[in-house]
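As a plain string of letters, each chain reads:
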Amino acid sequence: MPHIEIDGQAIEVAPGTTIMEAAESLGIYIPFFCYHPKLSVAANCRMCLVDVEKAPKPLPACATPVADGMKVATASRKAKMAQQGVLEFLLINHPLDCPICDQGGECPLQDITMGFANPHSHYTEEKRVVEDKNIGPLIATEMTRCIQCTRCVRFGQEIGGIMELGATGRGEHMAIGTYVAKAVQSELSGNMIDLCPVGALTSKPFRYKARSWELKHTPGLCPHCSTGCNTDVQSLGREVLRVLPRANQAVNEDWICDKGRYAYTGLQAEDRVTQPLLRVDGVWCEASWAEALDAALSGLEQMIARHGAGRLAGLISAQSSNEELLLFQALLRGLGSPHVDHRLRQQDFRADAAMPTYPALNMALEDLEREPVVLLCHAFPRQQQPLTNHRLRKSVLQGGKVIAIDSLRRDFNYPVTQLVADAGADLALYEALCSQLSGHAEKADAVPLAHVASDLLAADNPLILIGSALLHHPQAAAMIAQIETLAELAGGRVGWLAQEANSAGAWLSGCVPHRLPGGHTAPAPGLPADALWDADMRGFVLLGTEPGVDAMRGAAALAALQKAEFVLSITQFAGEAKQYADVILPMAAFAEGSGSFVNNEGRLQSFRAAVKMPGEARPAWKILRVLGDGLKLSGFQFNELSEVTAAWQHAIGDYALDVPPFHAFPTLEPVPEPMSADGLCRLGDWSIYQGDPLVRRAAPLAQPAVAKMHPDQAKALALRGDSVEISSHCGKISLPLVLDVRIPMGTVWVPAGYNETAALGATYATCAVTMATLPAVAASA
Amino acid sequence: MLSEKSLAEIARERAKYPADQARSALLAALRIAQEEQGYLSDAVMEYVADLLGIPAIQVYEVATFYSMYDLQPVGRHKLCVCGSVSCFLNGSDAILQHLSERLGVGLGETTADGLFTLQEVECLGACKDAPMLQVGDHYYGNLTPESLDALLAELRGGADDVR
């Protein structure tokens, strides 16, 4: 182990350690721009030059490994001259426009210039100017400020997994950009803003909104997927202005995805509801809380008196906190309704009894990085859990193998062996893999399948991850049963990739019709979400959810809600609720409330409000408490959130981090084959920026709905032009068509989560695609 | 987008490097593409990226770094005048000035007849003949206004290779 000395302090470090790392462990600060512990070493900014004894020239600390007996001076005359020289060069072309730069106040170039530069510059010539690039709605560029540290370039290559930015030109003409003007596509692109040590890349939605020192920082928790990324919510007054990652190496490392970073922009949506609303003779009017609560209570009581509590159902978003989930199910069950659910996107519930206590990854996120063989079952974590995906990417870069089974080829940002099911034959693919694994397959079976089987058999205890999208399949139950068999045959273990930020909490808190809080079996199970639409329900309580786009069969959900006698919607946004609700109660949105989530690992994390709620909005737990109290239910006597949290902990008990991935399977009643022989199988899922009410309203993230189809399929159907009509047994929509070779033959991809596509009904159903009938155009001469 | 012959040549270059280092074949692939197409359009750069299985931006980086790659259509003859130290001290400015006047185009521009493109390039390693320029695969040294006029006349006369 080399012994070295930095600024007179001796330290012994592992061979291969750099001077930068050794100094860091001694607490000695060496200034730098291009160095980043999570990125490769480029050593191109030269800011970290230090004076090494016996070396003829100053050496870059970030790229110089220590050698035994090395004596380093970080503040000698030679080191200081080097630092001053480098800064003078870096500032030659920097515009020094700090007063109008968003980076001002949190800018390493500013800070290091203050700390290390010679106040006088010799430079009197013209500065270079670099044209700005438009790289999409998320990142603002001011490329004249760029000091070419290439952190953003290396981030794209090494972390994002798709290299979109590069350094074009040479010498003085070198500039960072995309070359061909286009929007950056990576779902992690916002992190480049944090990495940029100057104001060249800044947040576009945040541009000119505030100075960094004015912002209040509140530790937050991202509510947009099951990874549970830690965030730093930055606000000014009552407005959330920015969401940045809060480093937590065990969860999100130093990153967050663009969904978590920019979804806050949806808080300003036009249909944000800040005052209780009542429908009076078909007209919406604002009401006081007292009036609205009276209306809600009497509406519920009357509905129950007329039809019985068995005709009342409750649906809650799995973005709700544990406290809200616990009170929500207590409210419904207290009123006598067993119909409580959060799984609006699921269509096959036959395996409910076999489901685990909660969808648990059954391992630490960090350990995913070291998995040698992972099988993803209908999981596309790049869109569904971007930072969990990053762990898998790291495992692949270190030689791990990821195999994915899915209905279509996915655009992973690392090499993945992909098995794609024939149109609608997803279950058959799992069955075929099982027979390969058991050795019963005929030799003529497809080669890739045999390769995957031998990979799984060769692996020691491979990890099998069930994706959130698998549950959306009409034969999900049978597929889950096959996966259990598959795991046994392959000698592997199973983990679940949970969908929402608090899916785990929703299961634990008993927001499923067949389990009570703590995972205890409900004595009288209710109906699952999708069955409610056809069950002649007369009353609904909704919390934080918009079934018209959140439910698998959006149109059916809307029809059922409109038909119901009484609908109470506790929500942040009134847009959809106004179509069917009778009472709308405004609740706290992201960053306005406090509570706790259980992430995919089973990690219990809490968050607190960053800003005050707008208008008359109230935290959902308080609304539920008042409703429970008003309905004279027991167990609603809370004054503080901490009391609810304690009640939750009491009800759930000490839940295990690793849970058996399956309970005993019930006999699965066969379901009709989803596909008929003619027509196309409609694939589709909630795309990354359509998954919940808040992110749907985030304008900078919005992506238009498009149908996708294999070019050969489009040719076979003689589809020309760019707009098509898609019809299923329940509705007809028209969308622009994009050709994509990743979509298998016999299928068409139509994303869910859009108002435009809700009419089409469930995914994996048969549909027909025809040319859109365009309005008649007068024939030209 | 590229001919069979070019594709075969690129494949031969590609085979020289390990399987996971496709980027190494990029310089050669771009040269072959430019020889066939005359210049590197965005489309051909993207095509080469796909061919080698590397991100398009890596192709742009390389193509914009080296002055020998042309990203815009060029004339039939590219007059690459060296402007580095030895040539500069021996009057490369006057050479450029003379060519610019004779051709009626500025640096980086192409004559209306599509015959000539005028470029200034960095040292081509022929300092003993300074001032010098390169046309096609050949160097022409010890340039004077008279020798330039003669060269232009010959090139205009249809010669590809003037010695």
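Residues numbered from 1 in each chain as written. Chains lettered and ligands numbered in written order. Predicted model: local features only at pLDDT ≥ 70, side-chain atom pairs only at ≥ 80, totals over all residues. Heavy atoms only, no water.

Trainee: Got a minute to help me understand the overall build of chain A in this structure?
Mentor: Each helix and strand counted, chain A has 22 helices and 32 strands in total. Here chain A has a C-alpha radius of gyration of 28 Å; the compact-globule value for 781 residues is 28 Å, and the two agree. For chain A, the spread of C-alpha atoms along the three principal axes comes to 90 × 75 × 70 Å. Considering chain A as a whole, with its 781 residues, one finds that 61% of them fall into the buried category. Nonlocal contacts in chain A, meaning residues at least 24 apart in sequence, comprise 72% of its contacts between residues at least 6 apart. For chain A, the accessible surface area stands at approximately 30,400 Å², while carbon and sulfur atoms represent 54% of it. For chain A, the centre of its 64 positive side-chain charges and the centre of its 83 negative side-chain charges are spaced 4 Å apart. (Helix = DSSP H or I, 4+ residues; strand = E, 2+ residues; numbered from the N terminus. Rg over C-alpha atoms; globule rule 2.2 N^0.38 Å. Buried < 20%, exposed > 50% of the residue type's maximum accessible area, 1.4 Å probe, protein only. Contact = heavy atoms within 4.5 Å. Areas by Shrake-Rupley, 256 points an atom, 1.4 Å probe, with all protein chains shown as cover. Lys, Arg positive; Asp, Glu negative; His and termini not counted. Charge placed at Lys NZ, Arg CZ, Asp CG, Glu CD.)

Trainee: Help me understand the pattern of salt bridges in this model?
Mentor: Pairing of side chains with opposite charge becomes possible as their charged atoms draw close. Residues and elements named next belong to chain A. Within this structure, the stated rule accounts for 43 salt bridges over all chains. In this structure, R207 and E142 form a salt bridge, with 2.8 Å as the shortest nitrogen-oxygen distance. With a gap of 65 residues between them, R207 in the loop between β9 (201-203) and β10 (216-221) and E142 in the loop between β6 (139-141) and α4 (151-160) connect regions that are remote in the sequence. Using a relative accessible area of 24% as the deciding quantity, one classes R207 as partly exposed. One salt bridge connects R370 with D367, and the closest N-O pair in it is separated by 2.9 Å. With relative accessibility at 53%, the residue R370 sits in the exposed group. A relative accessible area of 33% places D367 in the partly exposed class. (Salt bridge = Lys/Arg side-chain N within 4 Å of Asp/Glu carboxyl O.)

Trainee: I tried to follow the packing of helix α2 (residues 26-37) of chain B against helix α4 (residues 56-65) of chain B on my own but got confused; where do I start?
Mentor: In helix packing, the relevant descriptors are the interaxial angle and the interaxial distance, both defined with respect to the helix axes. Residue and element names in this part refer to chain B. Remark: α2 packs on α4, axes separated minimally by 11 Å, with the N-to-C direction vectors making an angle of 75 degrees. Between α2 and α4, the interaxial angle falls into the category roughly perpendicular. Residue-level inspection shows L26, L27 and L30 of α2 in contact with α4, the latter providing Q58, V59, V62 and A63. Tallied by class, the residues present in the contact of α2 with α4 amount to six nonpolar, one polar and no charged. (Axes fitted to C-alpha atoms, helices over the stretch in contact; angles between N-to-C directions. Parallel < 35°, antiparallel > 145°, perpendicular 65-115°, else oblique. Nonpolar A, V, L, I, M, F, W, Y, C, P; charged D, E, K, R; others polar.)

Trainee: Looking at this structure, I do not really get the packing of aromatic side chains. What am I missing?
Mentor: By convention here, two paired aromatic rings are described through the distance between centres and the angle between planes. Counted under the stated rule, the structure contains 14 aromatic pairs over all chains. Relative to A:Y655, the ring of A:W648 lies with its centre 6.4 Å away and its plane at 70 degrees, an arrangement referred to as edge-to-face. Summarising the burial analysis for this pair, A:W648 and A:Y655 share the class buried. A ring pair is formed by B:F65 and B:Y66, whose centres lie 5.0 Å apart and whose planes are at 75 degrees; its orientation type is edge-to-face. (Phe/Tyr/Trp six-rings, centres within 6.5 Å; stacked < 30°, edge-to-face > 60°.)

Trainee: Would you mind going over the interface of chain B and chain A with me for this structure?
Mentor: By a widespread convention, an interface's size corresponds to the accessible area lost as its parts come together. On the chain A side, the residues contacting the 13 residues of chain B number 14 residues. Buried surface at the junction of chain B and chain A, summed over both partners, amounts to about 1,000 Å²; 60% is from carbon and sulfur atoms. Its largest share of buried area at the contact with chain A, chain B owes to B:I57, B:E61 and B:F65, together 47% of the area lost on that side. Inspection of the chain B/chain A interface yields zero salt bridges. Taken together, chain B and chain A are joined by three residue pairs in polar contact (both at pLDDT 80 or more). Mapped onto the side of chain B that touches chain A, the elements with two or more residues apiece are α3 (42-52) and α4 of chain B. Counting residues per element, the side of chain B that touches chain A draws most heavily on α4(B), at six residues. (Buried area = accessible area lost by both parts, 1.4 Å probe. Polar contact = N/O pair within 3.5 Å; in protein donor to acceptor, adjacent residues only side chain to side chain.)

Trainee: Help me understand the environment of A:V644 in this model?
Mentor: Topologically, A:V644 is positioned in helix α20 (residues 641-652). Along the backbone, A:V644 and A:L327 are 317 residues apart, and their C-alpha atoms lie at a distance of 8.3 Å.

Trainee: Could you clarify how one ought to interpret the confidence of the model for chain B in this entry?
Mentor: As a general rule, the predicted coordinates of low-pLDDT regions are not to be interpreted in detail. Model confidence for chain B is summarised by a mean pLDDT of 93, while 98% of its residues fall at 70 or above. This prediction of the complex comes with two scores: 0.92 for pTM and 0.84 for ipTM. (pLDDT = per-residue confidence, 0-100.)

Trainee: What is the right way to look at the layout of surface pockets in this model?
Mentor: Taking a probe equal in size to a water molecule and rolling it over the atoms shows the remaining empty space. Residues and elements named next belong to chain B. Size it by volume and the second largest pocket reaches roughly 850 Å³. Q34, M68, K78, G136 and D137 are the residues nearest the centre of the second largest pocket, which is lined by 30 residues in total. Those elements that place two or more of their residues in the lining of the second largest pocket are α2, β1 (77-82), β2 (116-121), β3 (133-135) and β4 (138-140). Tallied by class, residues from the lining of the second largest pocket come to 11 nonpolar, nine polar and 10 charged. (1 Å grid on protein atoms, 1.4 Å probe; cavity = no way out; pocket = protein on both sides within 12 Å on 5 of 7 lines; lining within 4 Å. Points joined across faces, edges and corners; volume = space filled by probe spheres on them.)

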